Amino acid sequence: MGATHLPSTEFNGTAVDDQLEAEAEARLGDPVEPMVQLLAPDGTLGTDPVFWPYADRLDGDKLRGFYADMATIRRFDVEATALQRQGQLALWVPLTGQEGAQIGSGRASQPQDYIFPTYREHGVALTRNVDLAQLLRQFRGVSNGGWNPQDTNFHLYTLVLAAQTPHAVGYAMGIQRDQKMAAAATDAAADRPAEPKAAVMVYFGDGASSEGDVHESMVFAASYNAPVVFFCQNNHWAISVPSSVQTRIPLSNRAKGYGFPGIRVDGNDVIAVHAVTEWALEHAREGHGPVLIEAFTYRVGAHTTADDPTKYRESAEETLWRAKDPLDRLEKYLRAQGLADDAFFEQVKADGDDLAAYVRKTTHDLETPDIRTAFANTYVEAHPLVAEELAWFEEYSAGFADEADAGGAGPDRAKSDDAGTGAAR
């Protein structure tokens, strides 16, 4: 390699760099308001120069549907928590307080869009027509998932923090390439209808935003202009670590470093969340690249049923946020505008109770699968090592049955003997 071909440590073409930076600044700019809010906690509706047209499309039926969804998923959350406390679930991850962020964003998506959740997006699952009783299979420990993502374009829950964000960007890049091929095929065959454009939306929390996976995902999304919306539910607590430790600036501002729009929205305002998400998904579908949405909300309950939030936060904080409840503020608006009456709210409650009864019965009826299915599902095809391990397991299990038949001291018998000895002492 000659000297003239050595790579330079300086950027060649500063004029191009300056132009790109100027275009980015013109495109992003600084928001007039630090946070998008349309429906205030007192139930009054405001406007926004960018997002109001999206909110203005919502009629009474849509708004009543938002309320019914939020109330339904809260009732489901209460029932699932009770099931865990009663030993029917190994663990549960509550969502109470975040219904506005989840229902608003989920209802803004279209069927062809693909959703990557974390482990708390029960409200989004509802909007994607996932059977909520099946959603509990994973938390009962009888399934690795519980539903088929291909049926709803709603991916399985991801328990590892931020692991779904690279997957989402990769999927979005795949959509991007598929759409280019589909467009070429449509051009070649004039009678072939064009496929609807699709985008990806991926959910994560403020705590997960500190994971390297999120950073790497946003780098790739920006580099390839991938049609993906990053939806961060900033619920203020990464288990016991407050969001103020995660970041010194609004999380939405991080998008500027990657060169795409970042929007902070009141996550307890279902109308604003829906409007912002609808805009962001349209932006992504039309080939304008990724968007970061920070939904400013609050986890009212525990991180999981294994957590005790009283150990790390004060009750006054919870009281402050309960006054911003997403259900209460929408109910105030619906009643004030004459869009819903007592009969509507009573019916919503009755429907929620019916769902809870269905979920409870279905959970109680779930059967524990044969553990041999775990061996069968390890690889697509039979594997000699797995077959060897299965043979060992079956021999090991059979040993307990032989001991029981012979009156030997199997595991249960040993426990009984210990208990008896202890009682005698």
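The structure under discussion appears in the preceding block.
Residues numbered from 1 in each chain as written. Predicted model: local features only at pLDDT ≥ 70, side-chain atom pairs only at ≥ 80, totals over all residues. Heavy atoms only, no water.

Looking at the overall build of the protein
Test applied: Helix and strand assignments come from DSSP, with helices taken as H or I runs of at least 4 residues and strands as E runs of at least 2, each series counted from the N terminus. A 1.4 Å probe rolled over the protein chains alone gives each residue an accessible area, and that area as a share of the maximum for its type sets the label: buried under 20%, exposed over 50%, partly exposed in between. By definition, residues are in contact when any of their heavy atoms lie within 4.5 Å. In this description, accessible areas are obtained by the Shrake-Rupley approach with a 1.4 Å probe, and a residue is regarded as covered only by the protein chains that are shown.
What the protein contains, in helices and strands, is 18 helices and 7 strands. For the protein, the residues scored as buried account for 45% of the 425 residues in total. Sequence-distant contacts, at least 24 apart, represent 74% of the contacts inside the protein between residues at least 6 apart. Total accessible area on the protein is roughly 22,100 Å²; 53% of this is exposed by carbon and sulfur atoms.

Comments concerning the sheet that holds strand S2 (residues 200-205)
Threshold: Here, strands pair whenever DSSP counts at least two bridges between them. Note on geometry: axes are C-alpha line fits, over the in-contact stretch for helices, and angles between N-to-C directions span 0 to 180 degrees.
With parallel pairing, 5 strands are arranged side by side in an open sheet as S1-S2-S3-S7-S6. Among the strands making up the open sheet, the edge pair consists of strand S1 (114-116) and strand S6 (262-266). Strand-to-strand, the axes of this sheet are offset by a mean angle of 20°, without reference to chain direction. Pairing geometry for S1 and S2, over 3 bridges, is parallel. Within S2, the position partnered with Phe-116 by the bridge is Val-202. Against the sheet, helix H4 (residues 99-108) touches S2, strand S3 (228-234) and strand S7 (291-296), its axis set at about 165° to S3.

A word on the nonpolar core
Keep this limit in mind: To form a nonpolar core, buried Ala, Val, Leu, Ile, Met, Phe, Trp, Tyr and Cys residues must be joined to one another through side-chain atoms within 4.5 Å.
The biggest cluster of nonpolar side chains holds 65 residues, and the ones touching the most others in it are Tyr-67, Phe-76, Leu-135, Leu-136, Ile-271 and Leu-330. Those residues in contact with Phe-76 that lie beyond four places of it in its chain are Trp-92, His-122, Leu-132, Leu-135, Leu-136, Leu-355 and Val-359. In this structure, Val-200, Met-218, Ala-226 and Leu-292 belong to the second largest nonpolar core, which totals 24 residues.

What to know about the packing of aromatic side chains
Counted only if it meets this: When the centres of two rings from Phe, Tyr and Trp lie within 6.5 Å, Trp using its six-membered ring, the rings pair. Their planes under 30 degrees apart give stacked, over 60 give edge-to-face, and anything left gives tilted.
Enumeration according to the criterion identifies 23 aromatic pairs in this entry. Judged by centre distance (6.0 Å) and plane angle (15°), the ring pair of Phe-220 and Tyr-224 falls under stacked. Residue classification places Phe-220 among the partly exposed residues on the basis of a relative accessible area of 44%. The exposure class of Tyr-224 is partly exposed, given its relative accessible area of 39%.

Observations regarding the layout of surface pockets
Short version of the rule: Cavity and pocket criteria rest on a 1 Å grid covering protein atoms alone: a 1.4 Å probe that fits but cannot get out defines a cavity, protein on both sides within 12 Å along at least 5 of 7 lines defines an open pocket, and an atom within 4 Å of a point defines a lining residue. Grid points are joined across faces, edges and corners, and a volume is the space filled by probe spheres set on the points. The residue classification treats Ala, Val, Leu, Ile, Met, Phe, Trp, Tyr, Cys and Pro as nonpolar and Asp, Glu, Lys and Arg as charged. All others, Gly included, are polar.
Considering only enclosed or pocket space, the second largest pocket measures out at about 410 Å³ in volume. Around the second largest pocket, the lining comprises 23 residues; the ones closest to its centre are Ile-175, Gln-179, Lys-180, Lys-197 and Ala-198. Counting residues per element, the ones that place at least two in the lining of the second largest pocket are helix H8 (164-188) and helix H12 (270-285). For the lining of the second largest pocket, the element with the highest residue contribution is H8, accounting for 9 residues. Residues of the lining of the second largest pocket, tallied by class, amount to 11 nonpolar, 7 polar and 5 charged.

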